[in-house]
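# Results of the structural survey
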There are 2 protein chains.
Amino acid sequence: MRKSNWSLSTIILATALAMLFSAISCQRQDTEADITAIKEMLNQYSVAVNTGDFDLWISFWTDEGIQMPPDTPARIGKAQILEAMKPTFDQMTLDIAITSIEDAKVYGDLGLTYCIYTFAVTPKAGGETIIVIPDGKALTLYERQTDGSWKIAYDCFNSNVSPTRITI
Amino acid sequence: MRKSNWSLSTIILATALAMLFSAISCQRQDTEADITAIKEMLNQYSVAVNTGDFDLWISFWTDEGIQMPPDTPARIGKAQILEAMKPTFDQMTLDIAITSIEDAKVYGDLGLTYCIYTFAVTPKAGGETIIVIPDGKALTLYERQTDGSWKIAYDCFNSNVSPTRITI
């Protein structure tokens, strides 16, 4: 009887310790998978922009997401982002190219990418293509959701060249 | 004898569980302290800029820190940041005002602030004050160091107003 009591408590202890180490181990293993996931999300961001799929694009943001474009105030929350960006998607054919992902990291439930990109728009009604950002950089933060997916919490971006050097 | 065995194993089990819950609890308690710490660091960033203390200012960055200013390429690593910013500190009296910290969060070993600020420079050799950013926003990321302090890993910023509206 004494032996079986020891076994039971040993099993409980071993289970508790296993859960603890498993949690630590899982966190490490997930990082590589998480980095792959946020890189893929950045790729899907481009696909949504370039196919003009606004519903897909807006779905990538958290409800409290903050978009920080240059030379205009931040758009705070998905509703403001929608209001600001829907007309652009409606009126323009968009062309974004992420030329390189310079950095991708995950810290627990927060992921980040730092990428280099170009961005151009062409009015659907006709007219010249406007190269809005011939060479730009973006710092994008992703929050892990309860279902394990990632959504954009912050996107801050600007140009690598002075506006006077932009050729339209 | 059986009773004492149960007690010993119960104590071990209780200790293991206590460590687990303590770790979770600690993480929660630290968050408030961490948020206070990164807000204070942002405040010290302003102090270093406004007192022209370049050595203090550059010490806030991680060795791999990335500064992402508008209209110029990113500065990658402390050496590039130093090379780009030292002449500005040497030649100008700087005036940054963080008018509000809109958001401050900590995710494990990564902290972030989103702030609104103004930035002006006055040549030390004499001349008019130039309002570089009359109304700007910054997304700043801080990494926890092994000694518990925080350093800046990323700083991406831009203006809230179009360059044509900047009054010099």
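If you're wondering where the values come from, they're calculated on a predicted model, not measured in any experiment.

## Regarding the overall build of chain A
- The helix and strand tally for chain A stands at three helices and six strands.
- Listing the helices and strands of chain A from first to last along the sequence gives α-α-β-β-α-β-β-β-β.
- Residue pairs at least 24 apart in sequence account for 50% of intrachain contacts in chain A once pairs closer than 6 positions are excluded.

## Points about the environment of I38 of chain B
All names here are of chain B.
- Checked against the element boundaries, I38 lands in helix α1 (residues 2–50).
- A residue is classified by how many C-beta atoms lie within 10 Å of it, and I38, with 23 of them, is buried.
- Along the primary structure I38 and E143 are separated by 105 residues, whereas in three dimensions their C-alpha atoms are 9.7 Å apart.
- Among all residues touching I38, those that are not within four sequence positions of it are A104, V106, G111, T113, Y142 and W150.

## Quick look at the relation of the copies chain A and chain B
- Laying chain A over chain B is done by rotating through 180 degrees and shifting 0.2 Å along the axis; what remains is an RMSD of 0.6 Å. Accordingly, the operation relating the two chain copies is best matched by a two-fold axis. Judged by C-alpha distance, L13 of chain A is the residue of chain A that lies nearest the rotation axis, at 2.5 Å.
- The share of interface residues of chain A whose copies in chain B are also at the interface is 97%, consistent with both copies meeting through the same surface.

## Remarks on the sheet that holds strand β1 (residues 61–68) of chain A
All names here are of chain A.
- The strand order across the open sheet formed by six strands is β2-β1-β6-β5-β4-β3, and the pairing between neighbours is mixed. The open sheet has two free edges, formed respectively by β2 (75–76) and β3 (92–107), since each of these has just one partner strand.
- Pairing geometry for β1 and strand β6 (residues 150–159), over four bridges, is parallel. The residue bridging I66 from the neighbouring strand is Y154, located in β6.
- Across the sheet, helix α3 (residues 78–91) is in contact with β1, β2, β3 and β4 (110–123); its angle to β1 comes to roughly 70 degrees.

## Some words on helix α3 (residues 78–91) of chain B
- Taking 1.5 Å of rise per residue, 14 residues should cover 20 Å, and α3 of chain B covers 20 Å from first to last C-alpha, within 8% of that figure.
- Along α3 of chain B, the largest kink reaches about 35 degrees and is centred on M85 of chain B; proline P87 of chain B follows within four residues of it.

## Details of the interface of chain A and chain B
- Counting residues at the interface gives 33 residues for chain A, matched by 32 residues for chain B.
- Secondary-structure elements contributing two or more residues to the side of chain A that touches chain B are α1 (2–50), β1, β4, β5 (130–144) and β6 of chain A.
- When residues of the side of chain A that touches chain B are assigned to their parent elements, the largest contribution, 10 residues, is made by α1 of chain A.
- When its residues are assigned to classes, the side of chain A that touches chain B shows 20 nonpolar, nine polar and four charged.

## Quick look at the pairing of strand β3 (residues 92–107) of chain B
All names here are of chain B.
- Note that β3 and strand β4 (residues 110–123) share 14 bridges and pair antiparallel. Considered in β4, the bridge of I101 is made with C115.
- Counting the residues in the hairpin turn of β3 and β4 gives two residues, including G108, whose phi is positive at 60 degrees.

## Thoughts on the pairing of β4 of chain B
- Bridge count for β4 of chain B against strand β5 (residues 130–144) of chain B is 11 bridges, and the pairing is antiparallel. Across the sheet, T113 of chain B pairs through a bridge with T140 of chain B, a residue of β5 of chain B.

## Overview of the sheet that holds strand β1 (residues 61–68) of chain B
Residue and element names in this part refer to chain B.
- Strand order across the open sheet formed by six strands is β2-β1-β6-β5-β4-β3, with mixed pairing between neighbours. Of all the strands in the sheet, the pair left with one neighbour each is β2 (75–76) and β3.
- Packing of α3 onto the sheet brings it into contact with β1, β2, β3 and β4, and relative to β1 it is tilted by some 70 degrees.

## Observations concerning the confidence of the model for chain A
- For chain A, per-residue confidence averages 89 on the pLDDT scale, and 88% of positions sit at 70 or higher.
- Confidence metrics for the complex model read pTM 0.84 and ipTM 0.84.

## Overview of unusual backbone geometry
- Backbone geometry at D71 of chain A places phi at a positive 65 degrees, although glycine is not the residue there.
- Looking at the secondary structure, you find D71 of chain A in the loop between β1 and β2.

## Remarks on the environment of G148 of chain A
- In this structure, G148 of chain A sits in the loop between β5 and β6.
- Judged by the 9 C-beta atoms lying within 10 Å of it, G148 of chain A is exposed.

## Digging into the environment of S59 of chain A
- Inspection of the secondary structure puts S59 of chain A in helix α2 (residues 54–59).
- Exposure remark for S59 of chain A: the 12 C-beta atoms within 10 Å place this residue in the exposed category.

Criteria and cut-off values
- Residues numbered from 1 in each chain as written.
- Chains lettered and ligands numbered in written order.
- Predicted model: local features only at pLDDT ≥ 70, side-chain atom pairs only at ≥ 80, totals over all residues.
- Helix = DSSP H or I, 4+ residues; strand = E, 2+ residues; numbered from the N terminus.
- Contact = placed C-beta atoms within 7 Å.
- Buried ≥ 20, exposed ≤ 12 C-beta atoms within 10 Å, placed from the backbone.
- Least-squares fit on C-alpha atoms with pLDDT ≥ 70 in both.
- Pairing = 2+ DSSP bridges.
- Axes fitted to C-alpha atoms, helices over the stretch in contact; angles between N-to-C directions.
- Expected span 1.5 Å × (residues − 1).
- Bend = angle between axes of the 7 residues up to and from the residue.
- Nonpolar A, V, L, I, M, F, W, Y, C, P; charged D, E, K, R; others polar.
- pLDDT = per-residue confidence, 0-100.

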